[in-house]
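Observations on the three-dimensional arrangement
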Amino acid sequence: MGVAALLLAGCAKGASVVAPSGTGEQATPPGELLLLFRAPQGAVRLGGEPSGVPEAMKGPMSEPAVDHLLLTTSWWTVGMTPQQVESWLLAHPPAGSTPNASMVGGGSGTAFGETFALPDQGAYQERSLATSATAWHGGALLRVDAMEVRVGVRSARNEVPSGVTRLKARTSRPGPGGSPVTRTTSVTDVATVRRIAALTNGLPPLPPGIRNCPMDNGGRLTLDFYTPNSPTPAATVTVGLSGCRDATVTTPQDPAGTGLNATPSDFGDQVLRLLDPTL
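The paragraphs below set out a description of the structure included in this document. No experiment lies behind these values; they were computed from the predicted model shown. (Residues numbered from 1 in each chain as written. Predicted model: local features only at pLDDT ≥ 70, side-chain atom pairs only at ≥ 80, totals over all residues. Heavy atoms only, no water.)

**What about the side chain of Glu 148?**
Take Glu 148: it is sitting in strand β6 (residues 139-150). The exposure class of Glu 148 is buried, given its relative accessible area of 0%. (Helix = DSSP H or I, 4+ residues; strand = E, 2+ residues; numbered from the N terminus. Buried < 20%, exposed > 50% of the residue type's maximum accessible area, 1.4 Å probe, protein only.)

**Notes on helix α4 (residues 267-275)**
Every buried residue belonging to α4 is among Phe 267, Gly 268, Val 271, Leu 272 and Leu 275, and all of these are buried. What you see down the axis of α4 is that its buried residues fit within an arc of 130°, all on one side. Looking at the buried side of α4, the elements it contacts are β7 (166-174), β8 (180-187), α3 (190-201), β9 (220-226) and β10 (235-240). (Arc of directions from axis to C-beta. Contact = heavy atoms within 4.5 Å.)

**Focus on the sheet that holds β8**
Pairing is antiparallel in the open sheet, where six strands are placed in the order β8-β7-β9-β10-β11-β12. Two strands lie at the open edges of the sheet, namely β8 and β12 (254-260), each paired on one side alone. Each neighbouring strand pair of the sheet contributes to a mean axis angle of 15°, computed without reference to strand direction. Where β10 lies against strand β11 (residues 247-251), four bridges are found, and the strand directions are antiparallel. Looking across to β11, one finds that Val 239 is bridged to Ala 247. Contacts between α3 and the sheet are confined to β7, β8, β9, β10 and β12, with β9 contributing the most and set at about 115° to the helix. The sheet contacts of α4 involve β7, β8, β9 and β10, and relative to β9 the element is tilted by about 65°. (Pairing = 2+ DSSP bridges. Axes fitted to C-alpha atoms, helices over the stretch in contact; angles between N-to-C directions.)

**Description of unusual backbone geometry**
Positive phi, normally seen in glycine, also occurs at His 137, with a value near 50°. Checked against the element boundaries, His 137 lands in the loop between β5 (124-136) and β6. With a phi close to 60°, Arg 245 is a non-glycine residue in the positive phi region. Structurally, the position occupied by Arg 245 is in the loop between β10 and β11.

**Some thoughts on the nonpolar core**
Counting 27 residues, the largest nonpolar core has Leu 167, Leu 221, Leu 223, Phe 225, Val 237, Phe 267 and Leu 275 as its most contacted members. When residues no more than four places from it in sequence are discounted, the contact partners of Val 237 are Val 160, Thr 200, Leu 221, Thr 222, Leu 223, Phe 225, Ala 247, Thr 248, Val 249 and Phe 267. In terms of nonpolar packing, the next biggest core, distinct from the first, is built from 17 residues, Leu 33, Leu 129, Val 144 and Ala 146 among them. (Core = buried A, V, L, I, M, F, W, Y, C linked by side-chain atoms within 4.5 Å.)

**Here's the deal with α3**
An ideal rise of 1.5 Å per residue puts 16 Å on 12 residues; α3 measures up with 16 Å between its terminal C-alpha atoms. Taken together, the buried positions of α3 are occupied by Val 193, Ile 196, Ala 197, Leu 199 and Thr 200. The buried residues of α3 occupy one face: seen down the axis, they fall within an arc of 160°. Against β7, β8, β9, β10, β12 and α4 lie the buried residues of α3. (Expected span 1.5 Å × (residues − 1).)

**Concerning the pattern of salt bridges**
Within the structure shown, the criterion is met by seven salt bridges. A salt bridge links Glu 148 to Arg 127; the shortest N-O distance between them is 2.7 Å. Of this pair, Glu 148 sits in strand β6 while Arg 127 sits in strand β5, placing them 21 residues apart in sequence. Across the pair, exposure class does not vary: Glu 148 and Arg 127 are buried alike. (Salt bridge = Lys/Arg side-chain N within 4 Å of Asp/Glu carboxyl O.)

Encoded structure:
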């Protein structure tokens with residue numbers, strides 16, 4: 001195995017861990033995913049993270065960079081070297097899993113990691129067990145992370161607030177010679193504003209993974225929603241008018257933005273019909 005870290009596609013270190021709510025759908029909780037882990041012979045499970053853990057073991061070596069990540073961790077000690085632990089885990093993968101990535105983390109204490117991918121289940125995707133091992137008191141310290149991405153979940157932090165009363169809309173489309181042509185309009189009819197807000201809040205989050213999309217010519221629709229006393233937008237929605245036609249919503253609580261799957265509903269076309277089809 002090489003020294004360079006091989007990260008999961010679409011994954012990044014340091015993602016937020018947020019529990020989902022209001023779903024009602026059932027799947028294997030991450031805590032139960034841990035039951036699929038096959039500990040090395042003689043390994044002892046600890047009650048939690050021990051004190052003095054090296055920096056390389058402070059978090060998963062890779063994790064999906066999404067909001068709705070469910071994560072549960074267990075800790076083990078075993079009388080092996082980290083490399084022996086790694087070899088043992090590859091020879092005894094979790095049931096139904098596929099080895100997905102090998103990693104080496106440096107910094108304060110070298111850690112050797114393996115990630116095992118598990119099939120999607122219901123509304124849970126990118127299900128995996130990630131392991132990392134480092135030298136520890138003559139043996140090895142082993143961290144095991146069970147991770148699942150909950151799709152189809154949104155929260156108040158990435159929704160248009162209920163109290164919006166006006167919006168500004170603008171389109172940008174390719175013009176002659178490739179220069180963009182921009183058109184704008186303002187809407188103060190509260191019923192229309194809130195109808196568009198409801199359509200926006202009904203869009204599901206963009207699922208993880210890679211998709212094939214039609215040609216994107218660069219057309220965009222941007223919606224800025226305002227509450228009565230807000231000089232700045234309470235929420236901004238940007239939607240593609242070609243290509244995958246996905247949307248992104250940003251709010252003061254979610255400045256990085258959340259991707260929304262606007263393709264099946266033809267969201268952009270619906271909004272333009274409510275505003276001005278010639279916009």
